[in-house]
Amino acid sequence: QGQLVESGGGLVQAGGSLRLSCAASGRTFRSYAMGWFRQAPGKEREFVAAISWTGSRTFYADSVKGRFTISRDNAKNTVYLQMMSLKPEDTAVYYCAADLQYGSRWARDYNYWGQGTQVTVSS
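Bear in mind the structure is a predicted one, so any value in this text is a computation, not a measurement.

Student: What should I look at first to understand the state of the cysteines in this one?
Tutor: Where two cysteines share a covalent bond between their sulfur atoms, that bond is called a disulfide. Inspection of the entire model under this criterion finds one disulfide. Through a disulfide, C22 is tied to C96; the S-S separation comes to 2.0 Å. Of note, the bridge from C22 to C96 carries an S-S torsion of about 55° and is right-handed in sense. Residue C22 is found in strand β3 (residues 18–25), and its partner C96 is found in strand β9 (residues 92–99); the two are separated by 74 residues along the sequence. Neither C22 nor C96 differs from the other in exposure class; each is buried.

This is the structure in C-alpha cells:
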C-alpha cells in the first residue's frame, strides 16, 4: 500500500505565497500521474492541477492558471504545488492524489489520496 503525505500548508495574507509538498512512501509513484485538489467548507472537492509521470505535461484549473505551478521530483518521490498571488478564495484543504493515467480532473479517477493540508488566506 502506498501513502501520500501533504505538508506546507498554513496561514498567509492575500498576495502571499506557499509551497505545498506531497511525499509518497510505501510504494513508488514515479509511474503515476499526480494531481492536487482542494475542498473548501461546504463545497465539493475541486481539481487544481495535474502532472504527468515524467513531469513533462501539466494542466491547471482556470481559477489557478498563471498563479500555481505543479512540479515533481521523482528521485525524491515528491510532488509540489507552488502557489503565488494567493487569494482568500484559495482557502481550502489541499489534497494530493495519484492516478495511473494522466489527464483527469475528476477526483473519482484518482486511486490514492493524502490526508490533506489546510491553506488559509486572509484578506
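Student: Is there a simple way to think about the nonpolar core in this case?
Tutor: Nonpolar side chains in soluble globular proteins generally cluster together in the buried interior. Among the nonpolar cores identified, the biggest contains 36 residues, and L4, M34, W36, L81, M83 and Y94 are the most heavily contacted of them. At the level of secondary structure, the elements contributing two or more residues to this core comprise β3, β4 (33–39), β5 (46–51), β6 (58–60), β7 (68–73), β8 (78–83), β9 and β11 (117–122). For L4, the contacting residues outside a window of four places in its chain are C22, A23, A24, F29, M34, C96, A97, A98, Y112, W113, G114 and Q115.

Student: Which parts of the structure should I look at to understand the packing of aromatic side chains?
Tutor: Given two aromatic rings, their pairing is described by the distance between the two centres and the angle made by the two planes. Counted under the stated rule, the structure contains 10 aromatic pairs. Taken together, a centroid distance of 5.0 Å and an interplanar angle of 55° make the contact between F37 and W113 tilted. Taken as a pair, F37 in strand β4 and W113 in strand β10 (residues 112–113) lie far apart in primary sequence, 76 residues in all. For F37, a relative accessible area of 1% gives the class buried. What links up through ring pairs into an aromatic cluster is the set F37, F47, F59, Y95, Y102, Y110 and W113.

Student: Even after reading the chapter, I still don't get unusual backbone geometry, so can you show me in this structure?
Tutor: Negative phi is the rule for most residues except glycine; trans is the rule for most peptide bonds. Positive phi is not limited to glycine here, since N77 has a value of about 55°. For N77, the position within the fold is in the loop between β7 and β8. In this structure N77 comes out as buried when scored by relative accessible area, which is 14%. Backbone geometry places S85, a non-glycine residue, at a positive phi of 45°.

Student: Sorry, what's going on with the sheet that holds β8 here?
Tutor: By definition, the strands of a sheet pair up through backbone hydrogen bonds, in either a parallel or an antiparallel sense. Strands sit in the order β1-β3-β8-β7 across an open sheet of four strands; the sheet is antiparallel. Of all strands in the sheet, those bounded by a partner on one side alone are β1 (3–7) and β7. Each strand of the sheet is rotated relative to its neighbour by a mean of 15°, with strand direction disregarded. Here β1 pairs with β3 via five bridges, running antiparallel. Paired with L4 across the strands is A24, a residue of β3.

Student: Mind showing me how you'd approach the pairing of β11 here?
Tutor: Successive residues of a regular strand alternate their side chains across the two faces of the sheet. Burial of the side chains of β11 is restricted to one face: T117, V119 and V121 are buried, whereas none of Q118, T120 and S122 on the reverse face is. Where strand β2 (residues 10–13) meets β11, four bridges bridge the pair, whose relative direction is parallel. Note that in β11 the partner of V12 across the bridge is V121. Sheet topology places β9 next to β11; three bridges connect them, and they run antiparallel. Along β11, the bridge assignment pairs A92 with V119.

Quick notes on the rules
Residues numbered from 1 in each chain as written. Predicted model: local features only at pLDDT ≥ 70, side-chain atom pairs only at ≥ 80, totals over all residues. Heavy atoms only, no water. Disulfide = S-S within 2.5 Å. Helix = DSSP H or I, 4+ residues; strand = E, 2+ residues; numbered from the N terminus. Buried < 20%, exposed > 50% of the residue type's maximum accessible area, 1.4 Å probe, protein only. Core = buried A, V, L, I, M, F, W, Y, C linked by side-chain atoms within 4.5 Å. Contact = heavy atoms within 4.5 Å. Phe/Tyr/Trp six-rings, centres within 6.5 Å; stacked < 30°, edge-to-face > 60°. Pairing = 2+ DSSP bridges. Axes fitted to C-alpha atoms, helices over the stretch in contact; angles between N-to-C directions.

Honestly, that's just the spatial picture; any functional story needs more than this.
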